[in-house]
Amino acid sequence: MKILVPVKRVVDYNVKVRVLADASGVDTKNVKMSMNPFDEIAIEEAVRLKEQGLATEVIAVSCGTSQCQETLRTALALGADRAILVETPADADFELQPLAVAKLLNALVAREKPALVILGKQAIDDDANQTGQMLAALANMPQATCASKVELADGQARVTREVDGGQEVLSMRLPAVLTADLRLNEPRYVTLPNIMKAKKKPLETIKPEDLGVDVMPRLKTLKVVEPAGRKAGVKVADVAALLDKLKNEAKVI
Amino acid sequence: MASLVIAEHNHAFILGATLHTVTAAAQCAGDVHILVAGHNAGPAAAAASHIAGVIKVIHADGESLAHGLAENVAQQVLALAGNYSHILFAATPSGKNIAPRVAASLDVAQCSDITKVVSADTFERPIYAGSAIATVQSSDATRVLTVRTTAFGAAASLGGAAAVETVAAVAESGLCSWVTSEIAKSTRPDLTAAKTIVSGGRALGSAEHFDAVLTPLADKLGAAIGASRAAVDAGYAANDLQVGQTGKIVAPELYVACGISGAIQHLAGMKDAKVIVAINKDAEAPIFSVADYGLVEDLFVAVPLWVQTA
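Being a predicted model, the structure only gives us computed values, none of them experimental. (Residues numbered from 1 in each chain as written. Chains lettered and ligands numbered in written order. Predicted model: local features only at pLDDT ≥ 70, side-chain atom pairs only at ≥ 80, totals over all residues.)

(A) Molecular detail of the overall build of chain A. Helix and strand counts for chain A stand at seven helices and 13 strands. C-alpha atoms of chain A, sized along the principal axes, occupy 65 × 45 × 40 Å. The proportion of buried residues among the 253 residues of chain A is 48%. Counting contacts in chain A only where the partners sit at least 6 residues apart, residues at least 24 apart contribute 68% of the total. (Helix = DSSP H or I, 4+ residues; strand = E, 2+ residues; numbered from the N terminus. Buried ≥ 20, exposed ≤ 12 C-beta atoms within 10 Å, placed from the backbone. Contact = placed C-beta atoms within 7 Å.)

(B) Spotlight on the overall build of chain B. Each helix and strand in chain B was counted, giving eight helices and 16 strands. Relative to the compact-globule value of 19 Å for 310 residues, chain B shows a C-alpha radius of gyration of 21 Å, a close match. With the C-alpha coordinates of chain B rotated into their principal frame, the extents come out at 60 × 40 × 40 Å. Evaluated residue by residue, chain B yields a buried proportion of 60% over its 310 residues. (Rg over C-alpha atoms; globule rule 2.2 N^0.38 Å.)

(C) Summary view of helix H3 (residues 70-80) of chain B. With eight of 11 residues buried, H3 of chain B lies mostly within the body of the structure. If you check which residues of H3 of chain B are buried, you get Ala70, Glu71, Asn72, Val73, Ala74, Gln75, Gln76 and Val77 of chain B.

(D) Examining the nonpolar core more closely. Within the largest apolar cluster, 196 residues are counted, with the highest numbers of intra-cluster contacts made by Val5, Ala60 and Ala75 of chain A together with Ala48 and Val277 of chain B. Considering each element in turn, this core owes the most residues, eight residues, to helix H3 (residues 98-112) of chain A. Excluding anything up to four places from it in sequence, Ala60 of chain A contacts Val5, Val7, Ile43, Leu72, Ala75, Leu76, Ala80 and Ala83 of chain A. (Core = buried A, V, L, I, M, F, W, Y, C linked by C-beta atoms within 7 Å.)

(E) View of helix H1 (residues 16-28) of chain B. Extensive coverage of H1 of chain B is indicated by the burial of 10 of its 13 residues. Among the residues making up H1 of chain B, those that are buried are Ala17, Thr18, Leu19, His20, Thr21, Val22, Thr23, Ala24, Ala25 and Cys28 of chain B.

(F) Quick peek at the interface of chain A and chain B. Taken residue by residue, the interface counts 66 residues in chain A and 70 residues in chain B. A per-element tally of the side of chain A that touches chain B places strand S9 (residues 166-173) of chain A first, with eight residues. The residue makeup of the side of chain A that touches chain B, split by class, is 34 nonpolar, 14 polar and 18 charged. In this structure, strand S13 (residues 234-236) of chain A lies alongside strand S16 (residues 293-295) of chain B, joined through three bridges in parallel fashion. Pairing of Lys235 of chain A across the sheet is with Gly294 of chain B, part of S16 of chain B. (Nonpolar A, V, L, I, M, F, W, Y, C, P; charged D, E, K, R; others polar. Pairing = 2+ DSSP bridges.)

(G) Looking closely at the sheet that holds S13 of chain A. Strand order across the open sheet formed by six strands is S13(A)-S16(B)-S15(B)-S14(B)-S12(B)-S13(B), with parallel pairing between neighbours. Sheet topology places S13 of chain A together with strand S13 (224-227) of chain B at the edges, where each strand pairs with a single neighbour. With strand direction ignored, the average angle separating the axes of adjacent strands in the sheet is 25°. Taken together, the three bridges between strand S15 (residues 275-279) of chain B and S16 of chain B define a ladder with parallel strand orientation. Note that in S16 of chain B the partner of Ala278 of chain B across the bridge is Gly294 of chain B. (Axes fitted to C-alpha atoms, helices over the stretch in contact; angles between N-to-C directions.)

(H) Summary view of the packing of H3 of chain A against helix H4 (residues 131-138) of chain A. Residues and elements named next belong to chain A. Contact pair H3 / H4: the axes reach a minimum separation of 8 Å and the direction vectors enclose 50°. Taken together, the axes of H3 and H4 lie oblique to each other. Here the hand of the crossing between H3 and H4 comes out right-handed. Residue-level contacts link Pro98, Leu99, Val101, Ala102, Lys103, Leu105 and Asn106 of H3 to Thr131, Met134, Leu135 and Leu138 of H4. For the contact of H3 with H4, a count of residues per class yields eight nonpolar, two polar and one charged. (Parallel < 35°, antiparallel > 145°, perpendicular 65-115°, else oblique. Left-handed = near helix turned anticlockwise from the far one by under 90°.)

(I) Layout of the packing of H4 of chain A against helix H4 (residues 93-106) of chain B. In the contact formed by H4 of chain A and H4 of chain B, the axes pass within 7 Å of each other and the chain directions differ by 50°. It follows that H4 of chain A is oblique to H4 of chain B by the angle criterion. Relative to H4 of chain B, H4 of chain A is oriented so that their crossing is right-handed. For the pair H4 of chain A and H4 of chain B, contact is made by Gln133, Met134, Ala136, Ala137 and Leu138 of chain A and by Asn97, Pro100, Arg101, Ala103, Ala104 and Ser105 of chain B, respectively. Across the contact of H4 of chain A with H4 of chain B, the residue classes tally to seven nonpolar, three polar and one charged.

(J) Fine view of the sheet that holds strand S12 (residues 219-225) of chain A. Spatially, S12(A)-S8(B)-S7(B)-S6(B) is the arrangement adopted by the four strands of the open sheet, whose pairing is antiparallel. Each edge of the open sheet carries a strand with a single partner, namely S12 of chain A together with strand S6 (116-119) of chain B. Strand-to-strand twist across the sheet, computed as the mean angle between neighbouring axes with direction ignored, equals 30°. Bridge analysis of S12 of chain A against strand S8 (residues 132-138) of chain B gives six bridges, and the strand direction is antiparallel. From the neighbouring strand, Lys223 of chain A faces S8 of chain B, where its bridge partner is Thr135 of chain B.

(K) Spatial organisation of unusual backbone geometry. All names here are of chain A. The linkage connecting Leu174 with the following residue, Pro175, adopts the cis geometry, with an omega of 5°. Among the structural elements, Pro175 can be located in the loop between S9 and strand S10 (176-180). Of note, Lys113 is a non-glycine position whose phi angle comes to about 50°, a positive value. As for its placement among the helices and strands, Lys113 is situated in the loop between H3 and strand S6 (116-120). Exposure remark for Lys113: the 11 C-beta atoms within 10 Å place this residue in the exposed category.

(L) Highlighting the environment of Met35 of chain A. Residues and elements named next belong to chain A. Turning to its location among the elements, Met35 is positioned in strand S3 (residues 33-35). Residue class for Met35 comes out buried when judged on the 26 C-beta atoms lying within 10 Å of it. Linking Met35 and Leu72, residues 37 residues apart in sequence, is a C-alpha distance of 8.6 Å. Excluding anything up to four places from it in sequence, Met35 contacts Val7, Arg9, Glu40, Thr71, Thr74 and Ala75.

(M) Spatial organisation of the pairing of strand S2 (residues 31-38) of chain B. Residue and element names in this part refer to chain B. Most of S2 is tucked away: seven of the eight residues are buried. Note: strand S1 (residues 2-6) against S2, five bridges, orientation parallel. Bridge pairing in S2 places Val5 opposite Ile34. In this view, the connection linking S1 to its parallel neighbour S2 by way of H1 has right-handed handedness. (Right-handed = clockwise from strand over helix to strand, strands pointing away.)

(N) The arrangement of the environment of Val243 of chain B in detail. Residue and element names in this part refer to chain B. Note on placement: Val243 falls in the loop between helix H6 (229-233) and strand S14 (254-258). A C-alpha to C-alpha distance of 6.3 Å links Val243 and His266, two positions 23 residues apart in sequence. Apart from residues lying up to four places away in sequence, Val243 is in contact with Ser199, Gly226, Ala227, Lys248, Val250, His266, Gly269 and Met270.

What follows is the structure in structure tokens.
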């Protein structure tokens, strides 16, 4: 029983991004890149399912430039068995968008036939929150987004999802698509021995053409600007001063 | 050109998020229709017909739509999609769950969390936790959008007189079934609609403290309660209280951040609040850079004092 885990290389969450002066985008040259945090949670869940004997192989996949190999090596160090890179051009004008990624993953699903695909619920760079759901539609699979608990038994998955006001439990047959939310698990740390072992695990590189997928973007970015800033505020001396401001100046209480 | 809004509802009522989505829809394409897909959802459909600016309500009713399962609702939308240039969902957990299935099935891109409609094919949306605003243009014939409800005003819930058309509910997909829900019944206002929010960070130290310290203040202010990701991560608050880039986006009249350092990811969720108050004993905490009023004090002293002060 295979589990496919797509992982994305994104600007590290600690980095304070700057908008380029020509409004063409965000400055990503020389900034620290990392695996998308929710994708780490996805890898961790897949590896745990394998450790519990419910899966036989965890395959990490990333779509993007050749530098995504770093992210895949991290996935392998976290416990994935092999990795696939779908390499796309390192062209400043080319943007790989969720619909294209979903199509690439759909082609890989047809090839690898996993019982589960686990993705992060959202990438912290484009904040799209689309890829998992799009893949599920293309592959005609059930989906459980924002998963906080997964139980597998008898070819079915019982998934607890975070919803407004609480949680809901869904039951779905496999194969299925899950997207990982914060409380699904706490990912393990990468250890040096595992990083060394990861270098020997297989990493295959293929191109979108090999999968017969058109990855041309549908949304064109016209410009990227900084959001409007807030007016500077003031510090107040104590609670009494605060309440005075809120009541008489801001008039919100 | 017509817009279809997928209503957020609980079968009995239309939820507020729908009203903001209608406003965005009207800016996209002149005629606005609403789809109410539910089970015994006649009351919700009737309520939708009164929303100002809506000219038609399509009411699909059946058991397959009882629990908002994405596989079924998406199919219902797809049955109608051919008539619309724009299909809009509110950027709520439900909308975000369903919209991309519709987009992929139509083989079109989705524009998530739009904050402005520039023209019928051009939209603004935040990226990198709101550190930047991108203007994107869609080349697809159908635009599938999720709408950041705090960025658009609410259409009036009364004044409209739309016709209600009933359509057959799609068949159950058979892919997935609902087992159970555990929804906390709260007397607090809904976080995304609340006028006032009291929010806590990791400094609260425990779930017990989180409740004990913040609840009295929230009660006093009639406020909803929110949390930072760190507080949710540590188990001090439920997941759906999380305000931030990967949680809820809020824009209340008053946001009181208690013991929240103000990481960019948190600011992404609340920096459009009208008035921001920060209470934190660390004078260097980044939250003070967005706070209108900052109080550098231990929240365990300041918050109870606020509650006690008449």
